[in-house]
Amino acid sequence: MNDLSHRDVAANGIRIHFVEQGTGPLVLLCHGFPEGWYSWRAQLSALAAAGYRTVAPDMRGYGRTEAPPEISAYTVLDIVGDMVGLVGALGAKQAVIVGHDWGASIAWHAALFRPDVFPAVAALSVPFRQRGPAPPLHMLRKAGQLTHYWFHLQEPGVAEAEFERDTRAALRRILFSISGDAPPETRRLTLQPGKGWLANTIDPGQLPAWFTDADLDHMSAEFSRSGFRGGLNWYRNIDRNWELTAPWAGASIHQPALFIAGSEDPVIALGSGAAAVQAMPDTVPGLTRQLLVDGAGHFIQQERPRLVNEALVGFLEDLSPWGR
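Scoring rules and cut-offs
Residues numbered from 1 in each chain as written. Predicted model: local features only at pLDDT ≥ 70, side-chain atom pairs only at ≥ 80, totals over all residues. Heavy atoms only, no water. Pairing = 2+ DSSP bridges. Helix = DSSP H or I, 4+ residues; strand = E, 2+ residues; numbered from the N terminus. Axes fitted to C-alpha atoms, helices over the stretch in contact; angles between N-to-C directions. Contact = heavy atoms within 4.5 Å. Salt bridge = Lys/Arg side-chain N within 4 Å of Asp/Glu carboxyl O. Expected span 1.5 Å × (residues − 1). Buried < 20%, exposed > 50% of the residue type's maximum accessible area, 1.4 Å probe, protein only. 1 Å grid on protein atoms, 1.4 Å probe; cavity = no way out; pocket = protein on both sides within 12 Å on 5 of 7 lines; lining within 4 Å. Points joined across faces, edges and corners; volume = space filled by probe spheres on them. Nonpolar A, V, L, I, M, F, W, Y, C, P; charged D, E, K, R; others polar.

Caption draft 1: How the structure looks around the sheet that holds strand β7 (residues 257-262). With respect to topology, eight strands assemble into an open sheet ordered β1-β2-β4-β3-β5-β6-β7-β8, the strand pairing being mixed. With one partner strand each, in any of the chains shown, β1 (5-11) and β8 (287-293) form the two edges of the open sheet. Strand after strand, the sheet turns through a mean of 20° between neighbouring axes, direction not considered. Pairing of β7 with β8, which is carried by six bridges, proceeds in the parallel orientation. Counterpart to I260 in the pairing with β8 is L291. Here helix α14 (residues 305-318) sits on the sheet in contact with β3 (26-30), β5 (96-100), β6 (121-124), β7 and β8, set at roughly 170° to β7.

Caption draft 2: Focus on the pattern of salt bridges. Scanning all chains against the criterion turns up 15 salt bridges. The shortest N-O distance in the salt bridge between R168 and D213 comes to 3.7 Å. Taken together, the residues span a long stretch of sequence, with R168 in helix α7 (residues 167-177) and D213 in helix α8 (residues 213-226) at a distance of 45 residues. One salt-bridge network, held together by shared partners, links R7, E20 and R53.

Caption draft 3: Structural detail: helix α3 (residues 102-113). The end-to-end C-alpha distance of α3, which contains twelve residues, comes to 16 Å, matching closely the 16 Å that a straight helix rising 1.5 Å per residue would cover. Judged by how many residues are buried, α3 sits mostly within the fold: twelve of twelve residues are covered. Three or more residues of α3 are buried, namely W102, G103, A104, S105, I106, A107, W108, H109, A110, A111, L112 and F113.

Caption draft 4: Molecular detail of empty space enclosed by the protein. A complete count under the given rule lists two cavities of 30 Å³ or more for this structure. Lining the largest cavity are 20 residues; nearest its centre among them are Y149, I178, R188, L189 and W197. Listing elements by their share of the lining of the largest cavity, those giving two or more residues are α7 and α11 (266-269). Here the residues of the lining of the largest cavity are counted per class, giving twelve nonpolar, five polar and three charged. Of the residues in the lining of the second largest cavity, the class split is four nonpolar, three polar and three charged.

Set out below in structure tokens:
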């Protein structure tokens, strides 16, 4: 970690903070919610050692990256635009893009929108979904899934107050409760009627081996400074993203692609996620490998860093002579 370089650049109209390690072809690591660049701490050194210039930004609204106040500033077009702008600000023309959780959605869409900039994509936890027939929240309502956690996050200020009441406890509970170490009853996408997200979680008596007190110190300090609003605003554009992506309805991703997930991740074990995983050989014709890690949960690159690192390095090596 002492070899990391922290920098800020202006890209796509905002200030983006990132950490960088290594030299060689550029690899971007895009985090999800509720995380930051630090969630890639185990991947930065591994990819740098394998010969890649590895960059992990705090995504728009997170950590030390700028957080525009308007909810409308957090669409998929804005955030993919950040990554395109970051590649250029780093003096590169292309990058392999890697994402986890919301970052995976951004990585898939970056590959879809700009194959000239992103010649390959790796996604963790969240499979590629082609644009559906109607806005996602509308479809959930129609299906009667009114306790899906997305609805709880829509009203500005509600989830912010819930998580910021005790930032350290909120992060500890969320990161544990949808990991592979948690009891199955906490790993679900629906909430108890009339209750918040944290009512679904449990506070572990002891942190799992993959997440230390020092890790929690770092992440809670970042969110105590930035708050949760920026990250939550991504959720508040779910239906808007559907509207904006109409030109790509039915489009597939043809670049070389890797997908990694934990077998206990509720995103792929429940609901439409499982169907999206099964559909990926058709929706992502360039898919070269689909790795399902037995017993792991949602935070796969933190829970199983060695397996994820091996898979990422192997995927990048198979792209040779890309960037060499």
